[in-house]
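# Coordinate inspection notes
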Amino acid sequence: MTLKVAIQMDPIESINIDTDSSFMMALEAQRRGHALWHYHPRDLALRGNKLFAKVRPMQVRRERGNHHSMGAAEVIDLSTMDLVLMRQDPPFDMAYITATHLLEHIHPKTLVVNDPAAVRNAPEKLFVTHFPDLMPPTVITSSRDEVLAARAEWKDIIVKPLFGNGGSGVFHVKPDDENLGALLETFTQLYREPIIVQKYLPEIRKGDKRIILIDGKPAGAVSRIPQDGEARANFHAGGSAGKTVLTKREQEICEAIGPTLRQQGLLFVGIDVIGDYLTEINVTSPTGIQEINRLDGSALEATLWDAMEIRFAATR
């Protein structure tokens, strides 16, 4: 099976080839003989009901400073592709949402991974609320009184933007911290959306866990250990990677959410677990493949491509 694959992502020139999951997906596609094209979300254009993109043929290689080659740009009808990988990084803003609407014009005739409508309907910190028995005590609100009531009940809290990513804007507010009022004022100035407040989970000091699910099944996991004096374990926030295995509780979490992910066409998902609690379900541009591969001697990109090829064949 030889496929024509377009990758919608951020500039490939600036990626870190030692950590980037999209790069691994491109390498594996190329190894299988699939043809690759690259384009940015801003290169999309809808004319009537036909979706076009300004694309460039691409080759990739694991060579620092020389990890890609691009051909001449051309405008194509994106529906002539077999598969489109939606891999641009958040923020999950109106530009991101608009891209999902545009890609719906070609999906599923052209398979889009992940399903664009499902991506739009599954913001990380909101999607998890459909599994209330799995998540920590949480309030999503624009009300100062609601935030103060949550703090009065839980004492130690985490405050973060609803559509943030990579640990950006995450604050640990301790019971004796006098800055909560000023923090809420700042959030109100920066964000129009409600904020999310959660009970602080002290288990984060030992790290959280990123678990990769492929077509609804756990495929690998990595512990993310926060730096000393840091409340965030995200790799973008300086967290380090540690080898791990799934606990019984984490297996239960995967079994609980797996059927929903599979039904909605969310083939590549990264969930975050702290202690016994599911905190986020990442469907936009999950990461963690390379860290897990190095620690486990695995090749998650191959497992992912197996799943995508099976799903592609099922849509023909």
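Let me sum up the structure you'll find in this document.

About the cut-offs
Residues numbered from 1 in each chain as written. Predicted model: local features only at pLDDT ≥ 70, side-chain atom pairs only at ≥ 80, totals over all residues. Heavy atoms only, no water. Core = buried A, V, L, I, M, F, W, Y, C linked by side-chain atoms within 4.5 Å. Buried < 20%, exposed > 50% of the residue type's maximum accessible area, 1.4 Å probe, protein only. Contact = heavy atoms within 4.5 Å. Pairing = 2+ DSSP bridges. Helix = DSSP H or I, 4+ residues; strand = E, 2+ residues; numbered from the N terminus. Axes fitted to C-alpha atoms, helices over the stretch in contact; angles between N-to-C directions. Patch = residues over 30% accessible without salt bridge, like charges linked within 9 Å, V, L, I, M, F, W, Y side chains within 5 Å. Areas by Shrake-Rupley, 256 points an atom, 1.4 Å probe, with all protein chains shown as cover. Salt bridge = Lys/Arg side-chain N within 4 Å of Asp/Glu carboxyl O. Lys, Arg positive; Asp, Glu negative; His and termini not counted. Charge placed at Lys NZ, Arg CZ, Asp CG, Glu CD.

### Some details on the nonpolar core
- Judged by nonpolar contacts, the single largest core of 42 residues is most densely connected at Y39, L78, V84, L103, I271, L278 and I281.
- Setting aside residues no more than four positions away along its own chain, I281 makes contact with A122, E124, F127, V128, F131, L261, V269, G270 and I271.
- Among the nonpolar cores identified, the runner-up in size contains 33 residues, and M24, M58, L111 and I289 belong to it.

### Considerations on the sheet that holds strand β15 (residues 240-242)
- Strand order in the open sheet formed by five strands is β15-β14-β13-β16-β17, and the pairing between neighbours is antiparallel. The open sheet has two edge strands, β15 and β17 (277-282), and neither has a second partner. The average undirected angle you get between the axes of adjacent strands in this sheet is 30°.
- Sheet topology places strand β13 (residues 208-214) next to strand β14 (residues 217-225); seven bridges connect them, and they run antiparallel. What sits directly across from R210, in β14, is V222.
- The sheet contacts of helix α8 (residues 289-296) involve β13, β14, β15 and β16 (268-274), and relative to β14 the element is tilted by about 90°.

### What about the sheet that holds strand β9 (residues 138-141)?
- Taken together, the four strands give an open sheet; going across it, the order is β9-β12-β10-β11, and neighbouring strands pair in antiparallel fashion. Strands with a single pairing partner mark the edges of an open sheet, and in this sheet they are β9 and β11 (171-173). Neighbouring strand axes in the sheet, compared pairwise and without regard to direction, differ in orientation by 25° on average.
- For strand β10 (residues 157-161) and β11, the ladder comprises three bridges, and the chain directions are antiparallel. When the bridges of β11 are listed, I158 appears paired with H172.

### A look at a negative patch on the surface
- A grouping of E203, E252, E255 and D276 is seen on the molecular surface, where their side chains present a negatively charged patch.
- Mapped onto the elements, D276 comes out in the loop between β16 and β17.
- The partly exposed category is assigned to D276, whose relative accessible area is 45%.

### Considerations on the pattern of salt bridges
- As enumerated under the stated definition, the model contains 16 salt bridges in all.
- Linking E13 and R56 is a salt bridge whose minimum nitrogen-to-oxygen distance equals 3.5 Å. Placement of the pair is E13 in the loop between β1 (4-8) and α1 (21-31) and R56 in strand β4 (residues 50-60), with a sequence separation of 43 residues.
- Relative accessible area serves as the criterion here: at 27%, R56 is assigned to the partly exposed category.

### Some details on unusual backbone geometry
- Residue H107 is joined to P108 through a cis peptide bond whose omega torsion reads 10°.
- In this structure, the amide linkage connecting V113 to the following residue, N114, adopts the cis form with an omega of -5°.
- The residue N114 is located in the loop between β8 (111-113) and α3 (116-120) in this model.
- The backbone of K155 sits at a positive phi, close to 70°, despite the residue not being glycine.
- Inspection of the secondary structure puts K155 in the loop between α5 (144-154) and β10.
- Given the relative accessible area of 47%, K155 is considered partly exposed.
- Despite not being glycine, D215 shows a phi value in the positive range, around 50°.
- Assignment of secondary structure puts D215 in the loop between β13 and β14.

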